[in-house]
Amino acid sequence: MTHHTRPTRAGDQSYLKRLNRSAILELVRQEPGLSRAELAARTHVTKVTVGTVVQELLDEGWLTETTLQHGGLGRPGRPVHLNEDRHVIIGADVGVQGLRVVATSLTGRVLTRHVHDGPTGNPDAAAATLAQLIQSARLDLADRQLLGLGVAVPGPVSQPEHLLLLAPNLGWRDVPFLDLLGAHLPDLPGLTLLENEANAAAFAESYLRGRDAPDLLAYLSLGSGIGAGLVVASPEPRLLRGASHLAGEIGHTVLQPGGLYCHCGNRGCAETLLSGWAIRAALGVPEGTPLVDAVNARLDEPEVQVTLRRAGEALGLLLTNLNHTLNPSEIVLGGPLTRLGGPLMPTALDFFREHQHHLYATAPPTRVQVRADSTLLAARGVAAQVLARTIRSAETGVVA
């Protein structure tokens, strides 16, 4: 009888070492301040091995130790933290009306930022301008080691090909944006990735909270278009992408059959009622004029009140359907439209409160948070994804 066995890496010491490094870095990220003894207990790795790995990570600048802490049982230990002073990650966000770049530390703290306001233009022009912002951020922090670059874009992405599949509000389709950007940044070190903007913001909301991340988080991006990102927190944040990378394209769910035509080609999408472009068209706000400022200056007009109330009802319906479909632990609302005054947000939240328990009255309420300032959230989130992948990968063990 022939016996077939699967190959194993149990004896691969290099692999085990990388696994231990990754586990320790991730645990310190989630629970900063643990001692070496506590890390050994949490990871179920021997104290000797943890001591060796921690010392290597200290020597390489990934971790820092603070002064001895007394008061517990046993010998005092030194709290271990991610090192805020050695590395840098760059996150970029391509919007319909602007470009944003941040550089962050290992804890997600923003070290520097650069912004370009105005229409984004075509892919080549956007890549050239974004490259200039990225180079400025690198110059600001030239003394730090760059781990990589993440770029968030306003549409679904095929990550294996680094391909932006469709950005209907920009008129872009099948754009290899990282390739265009790379032509301007030929010497960029580290990992690079492309991500949908709402996914990136959702990842930031979950990943940067550490152990406090909700089990299932939904982030709704309310801007020129409407998108959603969905993140499962356990055992570490993971995005739900869908079979064709279209999970979260909630702005193109149909709320009004036979309604107005959407930029995607369908009729009656949520974006025809709720999005920035729909509100701009309904109220005659010229392109190039900041929408939030223009609308908030006209809140006493009946036409504005009707438009915002209708948008609020559409948002409330989206929230209700999302809650009954996926039952997230928490829903976060972000994007420029959260800063609109008038009835939009109150109408949406009231609608949601009135309808979320009609299906199952004894269910605990889904928490809804509104992020009035989420301008840098997608850029921070895509930088956090670079860090997460770096921690998980073998590259963690390679320090230039």
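For the structure itself, look to the data block above.
Keep in mind it's a predicted model, so treat the numbers as computed, not measured.

(A) Up close: the side chain of Ser158. By the secondary structure assignment, Ser158 is in strand S7 (residues 157-158). The contact partners of Ser158, leaving out residues within four places of it in the chain, are Leu163, Leu165 and His245.

(B) The arrangement of the state of the cysteines in detail. Evaluation of the coordinates by the stated rule reveals zero disulfides. In this structure Cys264 is not part of a disulfide, and its nearest cysteine sulfur, from Cys269, lies 3.7 Å away. When its relative accessible area of 30% is taken as the criterion, Cys264 is described as partly exposed. What makes Cys269 buried here is its relative accessible area of 0%.

(C) The packing of aromatic side chains, seen in detail. Per the counting criterion, the structure on display carries two aromatic pairs. Summarising the aromatic geometry, the rings of Trp172 and Phe177 are spaced 5.8 Å apart at their centres and angled 20° between planes, so their arrangement reads as stacked. Assessed through its relative accessible area of 4%, Trp172 is described here as buried. Among the residues examined, Phe177 registers a relative accessible area of 0% and is labelled buried. In this structure, Arg29 is placed above the aromatic ring of Tyr207, and the distance from its NZ or CZ to the ring centre is 3.5 Å. The ring of Tyr261 has Arg267 lying over it, and the distance from NZ or CZ to the ring centre is 4.8 Å.

(D) Seen up close, helix H3 (residues 47-59). Counted at 1.5 Å a residue, the expected span for H3 with its 13 residues is 18 Å, and the 18 Å between its end C-alpha atoms agrees. All of the buried residues in H3 are Val50, Gly51, Val53, Val54, Leu57 and Leu58. The elements touched by buried residues of H3 are helix H1 (13-30), helix H2 (36-43) and strand S1 (63-65). Among the residues trailing H3, Gly61 stands out with phi positive, at a value near 90°.

Rules used in this analysis
- Residues numbered from 1 in each chain as written.
- Predicted model: local features only at pLDDT ≥ 70, side-chain atom pairs only at ≥ 80, totals over all residues.
- Heavy atoms only, no water.
- Helix = DSSP H or I, 4+ residues; strand = E, 2+ residues; numbered from the N terminus.
- Contact = heavy atoms within 4.5 Å.
- Disulfide = S-S within 2.5 Å.
- Buried < 20%, exposed > 50% of the residue type's maximum accessible area, 1.4 Å probe, protein only.
- Phe/Tyr/Trp six-rings, centres within 6.5 Å; stacked < 30°, edge-to-face > 60°.
- Lys NZ or Arg CZ within 6 Å of the ring centre and 35° of its normal.
- Expected span 1.5 Å × (residues − 1).

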